[in-house]
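Letter by letter, the chains look like this.
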Amino acid sequence: PCFYPSTDPVSLMLNSAEHNNITIKLYGVGKEFPGWIHIKVDALKDFLKTRGESHVLYVDGADSLFADELNTIENAYKALNCPPLLMATELECYPYYELGPQFPDLGPYRYPNAGQFLGHREYIIHCLTVLQNKWSHLGGNDQGWWQKAMLAGDVVVTLDSTCRIFQTMSGGADKHIKVGLGSVH
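Given the structure is predicted, the values throughout are model-derived calculations rather than measurements.

Caption draft 1: Examining the pattern of salt bridges more closely. A complete count under the given rule lists six salt bridges for this structure. We note a salt bridge from D105 to R110, for which the minimum N-O separation is 4.0 Å. Of the residues examined, D105 reaches a relative accessible area of 61% and is grouped as exposed. For R110, a relative accessible area of 15% translates into the label buried. A network of salt bridges, in which partner residues are shared, links K40, D60 and D142.

Structure below.
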């Protein structure tokens, strides 16, 4: 999503994608910001319906970057037996902290982060429809909708708890991930 007047706020992500030969499909450039839930559920679902790819790698634009080429990401995904939906994880159970104990203890990165995921396009559309139909009454944060839907068994999501494909920047990751010219450490 890029609901900004220009692509300037997503320049780090675009530069890292270009560096790693990844083609990005932005949606929302120049459009008015309608709210996070709209752009991450409603607009995303509408956008995915116009696409023909079998798989989708979704990342929030302003706070993501690519550290490797797409074929490396695809191979890591295939090594995980290509789950219908693989989602990034983070250190805290945000926004519903009280749900934390209900998620399996897979290590420190055990809570879903809806800002990055990879999976079958049709299954992602299905999940977004479930979020709209069953969880939108909650208002608030789409990540909370994902948490509730996962725990209720409404959607099946594999969590990338070992950060094999995704590494979130939440929970203090900024202290141990350094971005330099041409490299990520």
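Caption draft 2: Spatial organisation of the environment of D60. Within the secondary structure, D60 is located in the loop between β1 (55-59) and α3 (70-79). Distance from D60 to Q116, taken between C-alpha atoms, is 6.5 Å for residues 56 residues apart in sequence. In contact with D60, not counting residues within four places along its chain, are P1, K40 and G115. At a separation of 2.8 Å, a polar atom in the side chain of D60 contacts the side chain of Y58.

Caption draft 3: Spatial organisation of the sheet that holds strand β2 (residues 85-90). Reading across the sheet, the four strands line up as β1-β3-β2-β4 and stay open at both edges, with mixed pairing between neighbours. Two strands bound the open sheet, and with one partner strand each, they are β1 and β4 (158-159). Pairing of β2 with β4, which is carried by two bridges, proceeds in the parallel orientation. When the sheet's bridge partners are listed, M87 is paired in β4 with L159. Together, β1, β2 and β3 (111-120) form the strand contacts of helix α4 (residues 121-135), whose direction differs from that of β3 by roughly 140°.

Caption draft 4: How the structure looks around the confidence of the model for the chain. Per-residue confidence for the chain gives a mean pLDDT of 90; residues scoring 70 or more make up 91%. Mean pLDDT across the elements of the chain ranges from a minimum in strand β6 (residues 183-184), with 49, to a maximum in α4, with 97.

Parameters and conventions
Residues numbered from 1 in each chain as written. Predicted model: local features only at pLDDT ≥ 70, side-chain atom pairs only at ≥ 80, totals over all residues. Heavy atoms only, no water. Salt bridge = Lys/Arg side-chain N within 4 Å of Asp/Glu carboxyl O. Buried < 20%, exposed > 50% of the residue type's maximum accessible area, 1.4 Å probe, protein only. Helix = DSSP H or I, 4+ residues; strand = E, 2+ residues; numbered from the N terminus. Contact = heavy atoms within 4.5 Å. Polar contact = N/O pair within 3.5 Å; in protein donor to acceptor, adjacent residues only side chain to side chain. Pairing = 2+ DSSP bridges. Axes fitted to C-alpha atoms, helices over the stretch in contact; angles between N-to-C directions. pLDDT = per-residue confidence, 0-100.

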